[in-house]
Amino acid sequence: MAETTGVGSTAERAGTPDELEIPTRVLVLGMAHHDGTILASELYPVAEACGQTADQVRSCLRRLVAEGLFVRSGEGRDAVFAATEAGLRALGASLEKARLAYAQDAAGKGWDRTWRLIAFAIPETKRAARDAFRDHLLELGGAAIQNGLYVSPHRWHDDALREARRLGVAEHVTAASTDDLEIGGERDPRALAAKLWPIEEVAARYERFIAIYEGIPEDLEEMRRQRRRLTEAEFLPGALIIGIKFQECFNLDPLLPPELLPRPWPGRRARELLARSRRLGILLREEHNKPQLFAPWDDVLDSIP
């Protein structure tokens with residue numbers, strides 16, 4: 001396969017589905033429809049093509065149901081898994097983050113020079129809610145200034161306060177904004193960003209991703225010139241692997257506005273590489289319908305100018 005697909009020959013440097021420990025959860029969630037529904041009849045064939053066993057898939061689906069993210073109706077390969085409110089939030093958060101990333105890349109800017117602060121003093125009696133609220137702030141790309149005080153350059157107040165209300169801790173949360181932030185004697189925005197967020201680590205991860213996958217678009221263009229096509233057994237594992245590897249970078253990325261980042265920023269190049277690879281891969285598929293794996297991401301990519 002490596003000699004015939006182009007995608008395979010490049011992706012092999014990062015490992016094949018048989019060599020990688022593929023997170024089944026990424027595959028399963030990647031099969032969700034726009035309304036949050038996962039159809040077992042669609043999931044199992046894709047999982048098989050990606051080297052995942054039926055037992056792995058069933059185990060993952062049971063965990064997602066146990067976590068309250070999905071509810072199941074039906075049995076076996078006729079089962080339908082519908083996202084709960086919590087599941088829809090989890091699925092939607094990743095897509096909104098992707099939209100923000102590509103929008104900032106396209107605009108080349110994204111900051112109004114205002115820092116948004118969230119402070120909380122949630123009592124020990126509500127420890128679980130306190131931990132969940134803190135984790136949510138981190139998922140939104142916030143950084144801790146000190147215990148109970150978090151900052152973001154993004155307009156995150158509505159989202160943070162909505163989560164505080166959901167957790168029943170809104171009375172313990174304070175929101176504020178400032179254009180004059182000083183931490184440890186430092187006031188320069190770029191210096192503050194470098195101090196608060198792991199920018200160098202994020203950049204290194206993106207550089208590694210680029211080094212592995214930068215040849216894929218050229219390989220796919222060559223296939224296109226030769227009028228060759230990708231079977232699903234070739235397309236799906238490659239799409240899954242590159243999606244997983246990108247997500248490993250993206251999950252760590254707080255998506256700081258371009259004004260706060262070094263330039264050139266490798267995150268932008270990595271996203272462009274992913275988008276181009278995905279578009280070309282879909283164009284070269286033998287199947288004419290859109291792939292269900294990571295379908296909601298395709299909507300995000302389609303919105304890119």
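Everything discussed here concerns the structure shown above.
Residues numbered from 1 in each chain as written. Predicted model: local features only at pLDDT ≥ 70, side-chain atom pairs only at ≥ 80, totals over all residues. Heavy atoms only, no water.

## Side note on helix H11 (residues 216-225)
So, point 1. Listing the buried residues of H11 in full gives Ile 216, Pro 217, Leu 220 and Met 223. Take H11 and look down its axis: the buried residues cluster within an arc of 120 degrees, on one side only. In H11, those exposed residues whose orientation departs by more than 90 degrees from the buried face are Glu 218 and Arg 225.
So, point 2. The first or second residue beyond H11 is Arg 227, which carries a positive phi of 60 degrees. (Buried < 20%, exposed > 50% of the residue type's maximum accessible area, 1.4 Å probe, protein only. Helix = DSSP H or I, 4+ residues; strand = E, 2+ residues; numbered from the N terminus. Arc of directions from axis to C-beta.)

## Brief notes about the pairing of strand S3 (residues 80-83)
So, point 1. In S3, alternate side chains face the same way, and those of Phe 81 and Ala 83 are buried while those of Val 80 and Ala 82 on the opposite face are not.
So, point 2. With 3 bridges connecting them, strand S1 (residues 37-39) and S3 associate as antiparallel partners. Counterpart to Thr 37 in the pairing with S3 is Ala 82.
So, point 3. Sheet topology places strand S2 (residues 70-73) next to S3; 4 bridges connect them, and they run antiparallel. (Pairing = 2+ DSSP bridges.)

## Some details on helix H9 (residues 189-196)
So, point 1. Every buried residue belonging to H9 is among Pro 189, Leu 192, Ala 193 and Leu 196, and all of these are buried. Buried residues of H9 fall within an arc of 100 degrees about the axis and therefore sit on the same side.
So, point 2. On the buried face of H9, the contacting elements are strand S4 (115-120), strand S5 (143-146), strand S6 (149-152) and helix H10 (199-213).
So, point 3. The N-cap residue of H9 is Asp 188: its side-chain oxygen and the backbone nitrogen of Arg 190 are 3.2 Å apart. (Contact = heavy atoms within 4.5 Å. Polar contact = N/O pair within 3.5 Å; in protein donor to acceptor, adjacent residues only side chain to side chain.)

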